[in-house]
Amino acid sequence: MNCITCCTRQNEVSPAVRAYRYFRQQGFRPADRDSFPVFKQYEHSSGLQEMSAAIIASWSFVYHGLYRIIAGYLCGVYFYEGKPIYFTIHRPREKSACSLNQLIDILYGYSRGAALPFLQVKFIDEAYLGEYQDVPGYRVSTERRDSDDEYVYRVQDLLELSGTVNFYKRKRLKRCFDRTDIALRPMTGENVHLCMEIEENWCRGKDCTYCASFGGCEKKALGIMIDLFDDRVHRGLFLCQDDKPVGYIICERVSEKLAFLYFGKANMEGYFVYLIYSMFKTWLPDVEYMNLNEDMGSMGLRLFKSHLSAHELWPKYICTYTKADNGDGGQ
């Protein structure tokens, strides 16, 4: 695990390793593809990607995530290089006898037991932010990071691409449709593995350290998604040139109004927009919104997502909890 490695001095381990071991001792379990049925039970009540079981299972593996069910809440703790250890909280479908205040007390106790200077909870919906801020007995600092906001598009806007501002996008799409060597093929459980070949071709020539610094290695997360792919639930397309797959897209409709775009790549410049357009034009035309998730601070992703179409930014927040008795003056 690249972010919880041992220190160079013999018999000494890093604080992250000690914290990881502590949480394992406290009954937290590794979050991975086998945890998917557990996460699926919490896929409700939120429009944000963290409530998608497929995303939790795929990316928790990359972030070395652990989880535990506490009084009905799904509580995750994540370890990622260069960032504080943080928690996520997913509410149970039925109201728990344990209040959010009580849960924060429990998680704060775990944080102190792991020798963490504070409890940090990430990816909080704006609708619930007031509850997280109003927890007695703590100093609570709140932060919103642009890199965490979700990019959400009205599907109608994506399909119409109306107005002068989208003139060249319409021209590029027309050129894509006019090419006779280009075809789209449905993704199935039998051919989904071809996504990895496309991803690996895209990775060639890229700086792995730089790429992974934004959100971990997408190729590892995609490997989990390939194992989880179910063509009764997910929708996928391959872009083929002369019958050879050169691009792919994987989506899931999670409600009547909302679909997530999970993964996608096109090894032909400009053709990822074609894949997005084709997916929603043919397979998901009656969905109101497409969620393309965050840009993770990557300027390339930010430029693509901000220029794709008219969009909304759905915010997520971070709350950090400290007490004066934690040995650092509450800072």
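See the structure printed just above.
Reading guide: rules and limits
- Residues numbered from 1 in each chain as written.
- Predicted model: local features only at pLDDT ≥ 70, side-chain atom pairs only at ≥ 80, totals over all residues.
- Heavy atoms only, no water.
- Helix = DSSP H or I, 4+ residues; strand = E, 2+ residues; numbered from the N terminus.
- Rg over C-alpha atoms; globule rule 2.2 N^0.38 Å.
- Buried < 20%, exposed > 50% of the residue type's maximum accessible area, 1.4 Å probe, protein only.
- Areas by Shrake-Rupley, 256 points an atom, 1.4 Å probe, with all protein chains shown as cover.
- Lys, Arg positive; Asp, Glu negative; His and termini not counted.
- Charge placed at Lys NZ, Arg CZ, Asp CG, Glu CD.
- Axes fitted to C-alpha atoms, helices over the stretch in contact; angles between N-to-C directions.
- Parallel < 35°, antiparallel > 145°, perpendicular 65-115°, else oblique.
- Contact = heavy atoms within 4.5 Å.
- Nonpolar A, V, L, I, M, F, W, Y, C, P; charged D, E, K, R; others polar.
- Pairing = 2+ DSSP bridges.
- 1 Å grid on protein atoms, 1.4 Å probe; cavity = no way out; pocket = protein on both sides within 12 Å on 5 of 7 lines; lining within 4 Å.
- Points joined across faces, edges and corners; volume = space filled by probe spheres on them.
- Phe/Tyr/Trp six-rings, centres within 6.5 Å; stacked < 30°, edge-to-face > 60°.
- Lys NZ or Arg CZ within 6 Å of the ring centre and 35° of its normal.
- Expected span 1.5 Å × (residues − 1).
- Arc of directions from axis to C-beta.
- Salt bridge = Lys/Arg side-chain N within 4 Å of Asp/Glu carboxyl O.

Looking only at helices and strands, the protein chain features twelve helices and 14 strands. For 331 residues, the compact-globule formula gives about 20 Å, and the C-alpha radius of gyration of the protein chain, at 21 Å, lands near that figure. In terms of overall dimensions, the protein chain has a C-alpha envelope of 70 × 45 × 35 Å along the principal axes. The buried share of the protein chain, reckoned over its 331 residues, is 50%. On the protein chain, roughly 16,400 Å² of surface is accessible, and the fraction owed to carbon and sulfur atoms is 50%. Side chains of the protein chain carry 41 positive and 42 negative charges; the gap between the two charge centres is 2 Å.

Quick look at the packing of helix 8 (residues 194–203) against helix 10 (residues 218–228) now. Contact geometry of helix 8 with helix 10 gives a least axis separation of 10 Å together with a crossing angle of 175°. It follows from the interaxial angle that helix 8 and helix 10 lie roughly antiparallel. Here helix 8 contributes Cys195, Met196, Glu199, Glu200 and Cys203 to the contact with helix 10, which in turn contributes Glu218, Lys219, Leu222, Gly223 and Ile226. Class assignment of the residues belonging to the contact of helix 8 with helix 10 gives a composition of five nonpolar, one polar and four charged.

The subject of this paragraph is the sheet that holds strand 10 (residues 244–253). With mixed pairing, the seven strands of this open sheet are ordered in space as 8-9-10-11-12-7-13. Strands with a single pairing partner mark the edges of an open sheet, and in this sheet they are strand 8 (182–186) and strand 13 (312–314). Strand-to-strand, the axes of this sheet are offset by a mean angle of 30°, without reference to chain direction. Lying on the sheet, helix 10 is in contact with strand 9 (234–241), strand 10 and strand 11 (258–266); it crosses strand 11 at an angle near 120°. The sheet contacts of helix 12 (residues 299–308) involve strand 7 (150–154) and strand 12 (289–291), and relative to strand 7 the element is tilted by about 25°.

So, about empty space enclosed by the protein. Using the criterion set out here, one finds three cavities of 30 Å³ or more in the structure. Of the pockets and cavities examined, the second largest cavity occupies roughly 40 Å³. Here the lining of the second largest cavity takes three residues from helix 11 (residues 271–283), the largest share from any one element. Among the residues forming the lining of the second largest cavity, the class breakdown is seven nonpolar, no polar and no charged.

To continue, consider the packing of aromatic side chains. Scanning the entire structure with this criterion turns up 21 aromatic pairs. Ring centres 5.1 Å apart and planes at 70° place the aromatic pair Tyr108 and Tyr138 in the edge-to-face group. Taken together, the residues span a long stretch of sequence, with Tyr108 in helix 4 (residues 100–113) and Tyr138 in the loop between helix 5 (129–133) and strand 6 (139–144) at a distance of 30 residues. Tyr138 matches Tyr108 in its accessibility class, with the two residues each being buried. Three or more aromatic residues joined by ring pairs form one cluster here, namely Tyr20, Tyr22, Phe23, Phe28, Phe79, Phe87 and Tyr110. Above the face of the Tyr86 ring, Lys122 is positioned so that its terminal group lies 4.6 Å from the ring centre. Lying across the ring of Trp202, Lys206 places its NZ or CZ 4.3 Å from the centre.

This paragraph deals with helix 11. Spanning 13 residues, helix 11 covers 18 Å between terminal C-alpha atoms, matching the ideal 18 Å at 1.5 Å per step. If you check which residues of helix 11 are buried, you get Tyr271, Phe272, Tyr274, Leu275, Ile276, Tyr277, Ser278, Met279 and Phe280.

We now examine helix 7 (residues 167–178). Across its twelve residues, helix 7 extends 17 Å between first and last C-alpha, which sits within 8% of the 16 Å expected from 1.5 Å per residue. Buried within helix 7 are the following residues: Lys169, Leu173 and Cys176. Along the axis of helix 7, the buried positions cluster into a sector of 55°, meaning they face one direction only. The exposed residues of helix 7 that point more than 90 degrees off its buried face are Tyr168 and Lys174. The inward-facing, buried residues of helix 7 contact strand 8, helix 11 and helix 12.

Moving on to the pattern of salt bridges. Enumeration according to the criterion identifies 17 salt bridges in this entry. Lys316 is the salt-bridge partner of Glu294, the closest N and O atoms lying 3.7 Å from each other. Here Lys316 lies in strand 14 (residues 316–322) and Glu294 lies in the loop between strand 12 and helix 12, a separation of 22 residues in the sequence. The pair formed by Glu294 and Lys316 is uniform in burial state, with each residue classed as buried. Linked by salt bridges that have partners in common, Lys40, Glu43 and Glu252 make up one network.

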